[in-house]
Amino acid sequence: MAHASVGISIVNLRNGEQVDGIQSDQALTPASTLKLVTTASALRFFSPQQKFPTRVSYTGTISGDGLLNGNLIVYGSADPTLGSEYGLRAQDDFVRRVVAQLAEKGIRKITGSVIAADFKPGLEGISPYWTWEDLGNYYAAGSYLLNYGDNKYELVLDTSRKGQQPRVKETRPEMPALRFTNELLPVSYSFDSAYIHGAPYSNERVITGAVPQKGAEFKIKGDVPDPALFLAQTLTAALRKAAVTVNGVPQTTRLLKRNGKELLGQGEVLFTYQSDPLNHIVRVTNVRSNNMYAESLLRFMALEVGNGSHQQGIAALKRLWQEAGLDTEALFMFDGSGLAPANRVSASFLTSLLFEMRGDEAFVNSIPRVGEEGTVAGFLKGTPFQGKGRLKSGSFKNVLSYAGYLQGKESYAIAILVNNFTGSNSQLRKAITELLLALEL
C-alpha cells in the first residue's frame, strides 16, 4: 500500500452520517463499481418493469402468392437481451418469432434483403476511452442500436500439439468473414493470457498471449465486430432454413449509407418484440458484472434524451443526480461499465448514491449477496458479514474496489476504492476483510 491511493466511506443508513472514512472525497478509478451508478440511474429514469422494443417491419408489398416485393427491416433500441444467454427466454426466441410471423403472413419469398437498422448519427458502439488491450475481447463488446447473442463468439483452438503453436479451428457461432493473425504461444502452466485484438466493424483480428496445452478444444471469447450485420445474417439463414427464399444479401443501414444507398421510409410494422424488463437487465449487469448490459443501460438513457451517444447518456445521468441533490463534482464518467481507465469517482459519491437508493428494491436486490453470489461469492465468506449485505466488486490491473450495503450492528452503505497497489488482489482482499472486521460495524 506504500504507493497506493485509497478512498473509503462508510455511511449509516439510518441517518446518512459518515461513521468512518479515509480520503472519501478523492476521485479514484472505480472499475466495475461504476456499474452501481449506471444501474441506479437507469432505475431512476425508467420503471423497473420498463421494456425496450425491437421493431420488425417490411417495405414494399405482399402479394397473394406469398411474395414480399421489398425488404424485411429490424429496428432496435439497444436491447441487450436479444438472443442473450442471460435472458429470460430461449436464445433463439426472437428469430423463431420472426419466422413464425412471416409464416402467419404467408410470406414465402423476399425479393430484397434482411436489413438491420443500426445507423444513427453520433451513436458509437464503444467508448473512445477503452484501451486497445480490451478491444476485440468479449468483455469489451460494447452496445449498439442492435445487439444480438451478447455480441460475442467463442474461438476454438487446437492445443493438442505439444510444444507447438495453438491452431485456430473455428468460431462458434460460425463467422467465416473473420480473419485471425495468430501470435499465440503454447505454455505448460494451466491458465491462459490470450487476448483477441480488433476494432469495431473490422474483420481483422490478432490473437496474442499464451494458452495452456489442454487438448483439441480450448476456447477463448471475442466480440462480434458488427452485431447488427450478424443479426441480419442469422435471420436470413433462419428464414432460408424455413424455406423462405431471400434474394438479397444481409445488410445494415450503416453499410447502405456507406455505399450511398440510404433506406427510404420506415415500412409497415410486422410485429414488435419487447426486451426483458429493466429490473432483470439491471440484475444481470450487477451480479454478472456484464459490461455490454451496462453500456446498454447508458444507451437507453441517451436514446431517451437524444441520439444515443455516450456523451448524452452521461450528461443526462449527471443531471439526474444533481437534481436529486448529490454532488457530482467527483464523478468523471467515460462509459457505463467502468471499463475505461479514465473513469473516476469518489467513495463519498458512491455512498451518497447508495444512501439515496437504499429504499429501491429493484436496485438493492440487483447487487450480489456478499460471500454467496456473483463476483463477491468468495469475499467475506465465512465471516459474520456473509449473506448480510450486498456488494459490487470492481477490478483491473492495480485497481480493486467494493461498494454496496453491509449489515452489522446497523445497516451501512460502504465504498472502498484502492488504486496503484502492489502485490496480489487476494492479499488486498484479505487486508480489506481484516479492516472491515476490525471496525466492528
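Note that the structure is predicted; figures quoted are calculated from it, not measured.

**Some remarks on the overall build of the protein chain**
Counting its secondary structure elements, the protein chain contains ten helices and 25 strands. Computed over its C-alpha atoms, the radius of gyration of the protein chain comes to 24 Å, within 12% of the 22 Å expected for a compact globule of 441 residues. By principal-axis analysis of the C-alpha atoms, the protein chain measures approximately 75 × 60 × 35 Å. When the accessible area of the protein chain is evaluated, it comes to approximately 18,500 Å², of which 48% is carbon and sulfur surface. Taking the average location of the 45 positive side-chain charges in the protein chain and that of its 41 negative ones, the two points are 5 Å from each other.

**Looking at the sheet that holds strand 3 (residues 27–28)**
Sheet architecture is open: three strands sit in the order 3-22-21, paired in antiparallel fashion. At either end of the open sheet lies a strand with only one pairing partner, and these are strand 3 and strand 21 (331–332). Both strand 21 and strand 22 (residues 344–346) contribute to a ladder of two bridges, which runs antiparallel. Each residue of the ladder has a partner; that of Phe 332, found in strand 22, is Arg 344. Against the sheet, helix 8 (residues 347–356) contacts strand 21 and strand 22, and its axis sits at roughly 70 degrees relative to strand 22.

**Describing the pattern of salt bridges**
With the rule as written, the count across this model stands at 17 salt bridges. Beyond isolated ion pairs, a larger network of salt bridges with shared partners links Arg 283, Arg 369, Glu 372, Glu 373 and Arg 390.

**Quick word on the packing of helix 1 (residues 35–45) against helix 7 (residues 310–323)**
Two measures define how a pair of helices packs: the angle their axes make with one another and the distance between the axes. Put simply, helix 1 and helix 7 touch, their axes get as near as 10 Å, and they point 75 degrees apart. In terms of axis orientation, helix 1 runs roughly perpendicular to helix 7. On the side of helix 1, the interface is formed by Val 37, Thr 38, Ala 40, Ser 41, Arg 44 and Phe 45, while helix 7 contributes Ala 316, Leu 317, Leu 320 and Trp 321. Its residues placed into classes, the contact of helix 1 with helix 7 shows seven nonpolar, two polar and one charged.

**Concerning helix 7**
The end-to-end C-alpha distance of helix 7 is 20 Å, a good match for the 20 Å that 14 residues give at a rise of 1.5 Å each. Buried within helix 7 are the following residues: His 310, Gly 313, Ile 314, Ala 316, Leu 317, Leu 320 and Trp 321. End-on view of helix 7: buried residues confined to an arc of 160 degrees, all on one side of the axis. Along helix 7, exposed side chains directed more than 90 degrees from the buried face belong to Gln 311 and Glu 323. Considering only its buried residues, helix 7 is in contact with helix 1, helix 6 (291–305), strand 21 and helix 8.

**Focus on the sheet that holds strand 7 (residues 72–75)**
In a beta sheet, neighbouring strands pair by backbone hydrogen bonds and run either parallel or antiparallel. Here we have five strands laid out as an open sheet, ordered 19-9-7-4-20, and mixed in their pairing. Strands with a single pairing partner mark the edges of an open sheet, and in this sheet they are strand 19 (251–252) and strand 20 (268–274). Summarising the sheet, strand 4 (residues 53–58) and strand 20 pair through six bridges and their orientation is antiparallel. If you follow Thr 54 over to strand 20, its bridge partner there is Tyr 273. Seen against the sheet, helix 3 (residues 227–241) touches strand 7, strand 9 (114–117) and strand 19 and runs at an angle of roughly 155 degrees to strand 9.

**Quick word on the pairing of strand 25 (residues 411–419)**
In terms of burial, strand 25 is largely enclosed, as eight of its nine residues are buried. The pairing of strand 1 (residues 5–12) with strand 25 spans eight bridges and is antiparallel. The residue bridging Ser 9 from the neighbouring strand is Ala 415, located in strand 25. Of the pairings in the sheet, the one linking strand 24 (residues 399–407) to strand 25 comprises nine bridges and is antiparallel in character.

**Structural notes on unusual backbone geometry**
Look at the link from Arg 172 to Pro 173: it is a cis peptide, with omega at 0 degrees. Its location among the elements puts Pro 173 in the loop between strand 11 (167–172) and strand 12 (179–182). At Gln 23, a residue that is not glycine, the phi angle is positive and equals roughly 45 degrees. For Gln 23, a relative accessible area of 47% puts it in the partly exposed group.

**With respect to helix 6**
Side chains of residues three or four places apart in an α-helix project in the same direction, reflecting 3.6 residues per turn. End to end, helix 6 covers 22 Å across 15 residues, agreeing with the expected 21 Å (1.5 Å per residue, within 8%). Taken across its 15 residues, helix 6 has twelve buried, putting it largely inside the fold. For helix 6, the full list of buried residues reads Asn 291, Met 292, Tyr 293, Ala 294, Glu 295, Ser 296, Leu 297, Leu 298, Arg 299, Phe 300, Met 301 and Ala 302. Against the buried residues of helix 6 lie helix 1, helix 5 (278–287) and helix 7. The opening residue of helix 6 is Asn 290, an N-cap whose side-chain oxygen sits 3.1 Å from the backbone nitrogen of Met 292.

**So, the side chain of Arg 299**
As for its placement among the helices and strands, Arg 299 is situated in helix 6. Of the side chains with opposite charge, Glu 124 lies nearest to the buried Arg 299, which makes no salt bridge, at 5.2 Å. In contact with Arg 299, other than residues within four places in its own chain, are Ala 78, Leu 123, Glu 124, Gly 125, Ser 143, Gly 308, Ser 309 and His 310.

Definitions and cut-offs
Residues numbered from 1 in each chain as written. Predicted model: local features only at pLDDT ≥ 70, side-chain atom pairs only at ≥ 80, totals over all residues. Heavy atoms only, no water. Helix = DSSP H or I, 4+ residues; strand = E, 2+ residues; numbered from the N terminus. Rg over C-alpha atoms; globule rule 2.2 N^0.38 Å. Areas by Shrake-Rupley, 256 points an atom, 1.4 Å probe, with all protein chains shown as cover. Lys, Arg positive; Asp, Glu negative; His and termini not counted. Charge placed at Lys NZ, Arg CZ, Asp CG, Glu CD. Pairing = 2+ DSSP bridges. Contact = heavy atoms within 4.5 Å. Axes fitted to C-alpha atoms, helices over the stretch in contact; angles between N-to-C directions. Salt bridge = Lys/Arg side-chain N within 4 Å of Asp/Glu carboxyl O. Parallel < 35°, antiparallel > 145°, perpendicular 65-115°, else oblique. Nonpolar A, V, L, I, M, F, W, Y, C, P; charged D, E, K, R; others polar. Expected span 1.5 Å × (residues − 1). Buried < 20%, exposed > 50% of the residue type's maximum accessible area, 1.4 Å probe, protein only. Arc of directions from axis to C-beta. Polar contact = N/O pair within 3.5 Å; in protein donor to acceptor, adjacent residues only side chain to side chain.

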